[in-house]
Amino acid sequence: MDTSDNSRYPMAGRLAQMWLRHVDDWSGVTNKQERKRIQNRQNQRTYRARKRAAYTNEPDRSNQGANVRTNLLTPFALVYRQPGPEDFQGANDAETVEAVIQAVSFVNILAPDSDLNRRIMQRFEEYAVRSYAARSCQLNILPSLSQFNFLKALFTNVDVLGLSARDMHDDALSPFNIVIGPVHASSQRERLSQLPAGLRPTDLQRETPHHPWIDLIPVPAMRDNIFRPGLDSFDEEQLCRDMRGGIPGQNPGVLVWGDPWDPDSWEVSEEFVKSWGWVVANCRDLLRSTNRWRMQRGERPLFSV
């Protein structure tokens, strides 16, 4: 089961590899024009940082690079304000944006402990925070931003459920499907009672053999909707890809705005509902949550609940 979106790009994409290594690192780059381009990007960023510091009396952080941190992150979601005309002045170059989009598409939720996943998520978060702080919001990375939040939510729920990379491989069976003896039944009941309500397994979830990626969805009714028709009756991999959202298209799939284990933090997009309406049918908490997040942005409610 391939849950990454890397079919859209060659895995050895030059731009993504360079960006992941370090946008300012030209070691190993033999092409003189490429080396010069990287050096110019570094010099331009240094100049802009010093110019901002001179106007705002801020300390010069031009040498901190990717280690810059701000307090603009919410606990589990990076959220952009509405962009204005000033956001497109001094914006990052098109090559960097393309590299960001390519790299995020490589993240695989079935490898939560992967070094590649960790590097991509860390580098994307640093890039998004720097862009926000520099007021250089890039509209074309917003789908990647939504996908980042969704992936980060799933990785967090992997930890909440106590899963590891060994539990998430392609042919893995959900731990809720594993029959345990009476000796361990009591301790398992106690452990399950301590899980957030949205992640506690349903009876149908226990009875239906399935891959644990479905366990990461904190909406019990949605999980049961997935199990009820039978997992062989639809394309499970496509469902997962559509939930994480299309890149570079403008379909975010599922949005996560707060605690990943809380269904009130989740929202489904109109495009996702058009393709997978039966998956969210009668998921009242999710439908109400979706309406609430949309109304906060001044958009019409999507559901009548």
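Residues numbered from 1 in each chain as written. Predicted model: local features only at pLDDT ≥ 70, side-chain atom pairs only at ≥ 80, totals over all residues. Heavy atoms only, no water.

K.L.:
Please explain the nonpolar core as it appears in this structure.
P.N.:
Trp 213, Met 222, Leu 239, Met 243 and Trp 266 are the most contacted members of the largest nonpolar core, which totals 56 residues. Ranked by residue count, the leading element in this core is helix H5 (residues 142-160), at 8 residues. (Core = buried A, V, L, I, M, F, W, Y, C linked by side-chain atoms within 4.5 Å. Buried < 20%, exposed > 50% of the residue type's maximum accessible area, 1.4 Å probe, protein only. Helix = DSSP H or I, 4+ residues; strand = E, 2+ residues; numbered from the N terminus.)

K.L.:
Looking at this structure, I do not really get unusual backbone geometry. What am I missing?
P.N.:
Most peptide bonds take the trans form, and the phi angle of most residues other than glycine is negative. One non-glycine residue, Asn 282, lies in positive phi territory at about 65°. Assignment of secondary structure puts Asn 282 in the loop between helix H10 (270-280) and helix H11 (284-296). According to the relative accessible area criterion, Asn 282 is exposed, its value standing at 68%.

K.L.:
Whenever I open this one, the pattern of salt bridges confuses me. Can you help?
P.N.:
Where charged atoms from two side chains of opposite charge come close, those side chains can pair. Under the counting rule described, the total for this entry stands at 9 salt bridges. In this structure, the salt-bridge partner of Glu 126 is Arg 123, at a minimum N-O distance of 3.8 Å. Taken together, the residues Glu 126 and Arg 123, both in helix H4 (residues 115-133) and 3 residues apart, mark about one turn of the helix. Of the residues examined, Arg 123 reaches a relative accessible area of 7% and is grouped as buried. Glu 237 is the salt-bridge partner of Arg 241, the closest N and O atoms lying 3.2 Å from each other. Of this pair, Arg 241 and Glu 237 are both found in helix H9 (residues 236-244), 4 residues apart, which corresponds to roughly one turn of the helix. Overall, the relative accessible area of 28% leaves Glu 237 in the partly exposed class. Three or more residues joined by partner-sharing salt bridges are found here, namely Glu 267, Arg 294, Arg 297 and Glu 299. (Salt bridge = Lys/Arg side-chain N within 4 Å of Asp/Glu carboxyl O.)

K.L.:
Help me understand the side chain of Asn 157, please; the structure alone is not making it clear to me.
P.N.:
By the secondary structure assignment, Asn 157 is in helix H5. In this structure Asn 157 comes out as buried when scored by relative accessible area, which is 0%. Beyond its immediate chain neighbours, meaning those up to four positions away, Asn 157 contacts Leu 199, Leu 216, Pro 218, Pro 260, Trp 261 and Trp 266. (Contact = heavy atoms within 4.5 Å.)

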